[in-house]
Amino acid sequence: MEIKPLGDHSNSSLETQKAPSQNTQTNGVFISTYGCQMNSNDSERMYSLLEMANFTPVNTPEQANLIIINSCSVREKPVHKVYSEVGRYKKLKKKNPNLKIGVGGCVGQQEKSALTKEQPLIDFVFGPDNIDELPNIVQNAYSSDGKIIHAKFYNNEPYHIENMVRNPGVSTFVNITKGCDNFCTFCVVPFTRGRLRSRPAQDILSDIEKLVDRGVKEVTLLGQNVNSYMGECGTNFAQLLVLLAEKTNILRIRYTTSHPKDFTEELCQVHRDYKEKVCDYIHLPVQSGNSEVLHRMNRVYTREDYLKKIEMIYKYVPSVSLSSDFIVGFPGETESQFLDTLSLIEKVKYESLYAFKYSPRPFTKAARFGDQVAEDVMQDRLDRLLQLHRAGSFQECQKYVGDIVEVLVDKEDSQKPGYMTGRSSQNKITHFEGSRDLIGQIVKVKIEQSHPQTLHGIRV
Ligand code: SF4
């Protein structure tokens, strides 16, 4: 049974929240996070909200009176992962009857009350759209003997949140959209995160100004599909970037993830015209190099359309570093269609990529396709794809040797005393000799060695 409502889900309701000090000793909260940067950012938000409700973040589940699993259902066996993690907390729950265990994120949204039925150790479940109600949900879990299930969307309400991050450091994330309207046939996101909603541009601007005041130098704008952003006055994503570049003192702006169909010439021009701030790194997931497979995925572009976009990007941003996502073994994918994916990888020369074997997700159309590809075939294709990419990316990254790159320094090198690390505009982790006082500065580094993920050089 779904218990609702849990009160107003706007931030204002939090002011009146009290911590469940009642039976707990430390009010320690531990959040276990799976999945993407969006989920990591959501966990930060949960910690911040729970701190306002008098909880204290702790480093291990053993120290906690409240454990939250912020789950992800994009990859394989997500529900099993949740059950197996909760199972590990059985002894803790026995030792500490005040311990409450909650499941949030996409699995919470997808499975709802099924989770508590299958695994009685789970006390409450909530969805990604209910994070701002978390203190209320937790309060109810402490004051009720029953299970609390609160996983509902507010699809028609404006997306007003304030960025919440506890220790942002030099570089941090800012949500700009949530949800997705694209319904790619393999993807569960529209079902677990709801319809696309965009934050007002002024809210994003004000978040970034505040982060700059806290010492942040670089932000990554986050969303399932950031370039479909549409602000309240018709501000599109390219215009949002211009606004942020011109009106804030942030040094660098990145964003993830983009959809090729929404990657416009206007956006390429912004990369060119605001190169100082908008980084030379674009993650543009293609998923397959074959047009028929793309059609069955409902990606709404062909191989040729995608290659034209890549050509356009290189025209405006010749120094760009590209990365992408691939799915191998999508239902019905033939060997020759897979070879089209390999040939696309050779053609585009990605510096990094993420490749996965297809796995059916609940509610999705592709899960019902009859022609699922055998596991051993998928594994073989994945191995071949990664092998091809490894060889090509090593070759590709040699172009940096001898170059001078600008690095935003973010920390000491944990492996090498006296060395610092940071990221180049192309998103390469760069190591060089230096001292802690450089943290937060952009320095020039001459590259002496280059590997697909990292660069090594000397400061000039
Ligand atoms: S655009 Fe991305 S988030 Fe949206 S349905 Fe497709 S894969 Fe999922």
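A. Representation of the pattern of salt bridges in the model. Tallied over the entire structure, the rule returns 25 salt bridges. With a shortest N-O distance of 2.9 Å, Asp132 and Arg45 are connected by a salt bridge. With a gap of 87 residues between them, Asp132 in the loop between strand S5 (124-126) and helix H6 (134-143) and Arg45 in helix H1 (residues 37-52) connect regions that are remote in the sequence. What makes Asp132 buried here is its relative accessible area of 12%.

B. Seen up close, the site of the ligand. Taken together, the neighbourhood of the ligand is formed by Cys180, Asn182, Phe183, Cys184, Phe186, Cys187, Val189, Pro190, Gln224, His259 and Arg299. Residue classes in the shell around the ligand are distributed as seven nonpolar, three polar and one charged.

C. The arrangement of the domain arrangement of the protein chain in detail. When the domains of the protein chain are assigned, the result is domain 1 (11-150), domain 2 (156-279) and domain 3 (401-459). Centre-to-centre separation of domain 1 and domain 3, based on C-alpha positions: 38 Å.

D. Layout of the nonpolar core. Counting residues in hydrophobic clusters, the biggest one holds 64 residues, and the most contacted among them are Leu221, Phe237 and Tyr350. Contact partners of Leu221, with chain neighbours within four places excluded, come to Val174, Ile176, Ile208, Val226, Phe237, Leu240, Leu241, Leu244, Ile253, Arg254, Tyr255 and Thr256.

E. Structural view of the sheet that holds strand S15 (residues 404-412). What the five strands build is a closed barrel, ordered S15-S16-S17-S19-S18; its pairing is mixed. For this sheet, the mean inter-axis angle between neighbouring strands, taken without regard to orientation, is 50°. Across five bridges, S15 lies against strand S18 (residues 442-450) in antiparallel orientation. By the bridge assignment, Val407 is partnered in S18 with Val443.

F. Summary view of helix H10 (residues 265-273). Burial in H10 covers these residues: Leu267, Cys268, Val270 and His271. For H10, the angular spread of the buried residues around the axis is 155°, confining them to a single face. Packed against the buried residues of H10 are helix H9 (237-247), strand S11 (252-256), strand S12 (281-283) and helix H12 (303-316).

G. Molecular detail of the packing of aromatic side chains. The final tally for this structure, using the stated rule, is nine aromatic pairs. Here Phe124 and Phe126 contribute two aromatic rings whose centre-to-centre distance is 6.1 Å and whose plane-to-plane angle is 25°, an arrangement assigned as stacked. For Phe124, a relative accessible area of 0% translates into the label buried. Accessibility expressed as a relative area gives 0% for Phe126, which makes it buried. Measuring from ring centre to ring centre gives 4.9 Å for Phe237 and Tyr255, while their planes differ by 80°; the resulting arrangement is edge-to-face. In this pair, Phe237 sits in helix H9 while Tyr255 sits in strand S11, placing the two residues 18 residues apart along the sequence. Clustering of aromatic rings is evident, with ring pairs tying together Phe186, Phe330, Tyr358 and Phe369.

H. Fine view of the confidence of the model for the protein chain. Model confidence for the protein chain is summarised by a mean pLDDT of 90, while 94% of its residues fall at 70 or above. Long-range and interchain partners of residues 1-25, a stretch whose pLDDT sits below 50, account for 51 contacts in this model, where long-range means more than four residues apart.

I. Quick look at the packing of helix H13 (residues 335-348) against helix H14 (residues 375-397). The geometry of H13 relative to H14 is characterised by a closest axis approach of 10 Å and an angle of 15° between their N-to-C directions. Taken together, the axis directions place H13 and H14 in an arrangement best described as roughly parallel. In the crossing of H13 with H14, the sense of the turn from one axis to the other is right-handed. In this structure, H13 contributes Glu335, Phe338, Leu339, Thr341, Leu342, Ile345 and Glu346 to the contact, and H14 contributes Arg381, Arg384, Leu385 and Leu388. Looking at side-chain class alone, the contact of H13 with H14 contains six nonpolar, one polar and four charged residues.

J. Structural context of the sheet that holds strand S13 (residues 321-328). A sheet is described by the order of its strands in space; here three strands give the open sequence S12-S13-S14, paired in parallel fashion. Only two strands of the sheet have a single neighbouring strand rather than two, namely S12 and strand S14 (352-357). Across the sheet, the mean angle separating the axes of adjacent strands is 10° when strand polarity is ignored. Note: S13 against S14, six bridges, orientation parallel. Directly across from Asp325, in S14, lies its bridge partner Tyr354. Against the sheet, H13 engages S13 and S14, with an angle of about 175° to S13. Packed onto the sheet, H14 meets S13 and S14 and runs at close to 170° relative to S14.

K. Geometry of H12. The end-to-end C-alpha distance of H12, which contains 14 residues, comes to 20 Å, matching closely the 20 Å that a straight helix rising 1.5 Å per residue would cover. Taken together, the buried positions of H12 are occupied by Arg303, Tyr306, Leu307, Ile310, Met312, Ile313 and Tyr316.

Cut-off values and rules
- Within every chain, residues take consecutive numbers counted from 1 along the sequence as written.
- Local features are withheld for residues below a pLDDT of 70 in this predicted model, meaning they are given only at 70 or higher, and side-chain atom pairs are given and counted only at 80 or more; totals for whole chains, interfaces and linings count all residues.
- Only hydrogens and water are removed before side-chain values are computed, so all heavy atoms of the structure are retained for them.
- The rule for a salt bridge is simple: a side-chain nitrogen of Lys or Arg has to be within 4 Å of a carboxyl oxygen of Asp or Glu.
- Runs of E in the DSSP output that reach at least two residues are strands. Runs of H or I that reach at least four are helices, and both are numbered from the N terminus.
- Burial classification: accessible surface area is computed with a 1.4 Å probe over protein chains only, and a residue below 20% of its type maximum counts as buried, one above 50% as exposed, and the rest as partly exposed.
- Throughout, near means a residue has at least one heavy atom within 4 Å of the molecule or strand.
- As a working rule, the residues Ala, Val, Leu, Ile, Met, Phe, Trp, Tyr, Cys and Pro are called nonpolar, Asp, Glu, Lys and Arg charged, and the rest polar, with Gly in that last group.
- For the domain bounds, the source is a domain assignment made automatically or taken from a database.
- Among buried residues, those of type Ala, Val, Leu, Ile, Met, Phe, Trp, Tyr and Cys that are joined through side-chain atoms within 4.5 Å constitute a nonpolar core.
- Should any heavy atoms of two residues lie within 4.5 Å, those residues are considered in contact.
- Only strands that DSSP links by at least two bridges are regarded as paired with each other.
- All axes are obtained by fitting lines to C-alpha atoms, using only the stretch in contact for helices, and the reported angles, taken between N-to-C directions, cover 0 to 180 degrees.
- Arc, as used here, means the arc of the directions from the helix axis to the C-beta atoms.
- Paired rings are identified among Phe, Tyr and Trp, the last through its six-membered ring, by centres lying within 6.5 Å, and are further divided according to the angle between planes into stacked (under 30 degrees), edge-to-face (over 60) and tilted (the rest).
- The pLDDT score gives, residue by residue, the confidence of the prediction method on a 0 to 100 scale.
- Angle categories are assigned with fixed cut-offs, so that under 35 degrees is roughly parallel, over 145 is roughly antiparallel, 65 to 115 is roughly perpendicular, and the rest are oblique.
- Handedness of each helix crossing follows the sense of rotation of the near helix against the far helix: counterclockwise by less than a right angle gives left-handed, clockwise gives right-handed.
- What a helix is expected to span follows from its residue count: subtract one and scale by 1.5 Å.

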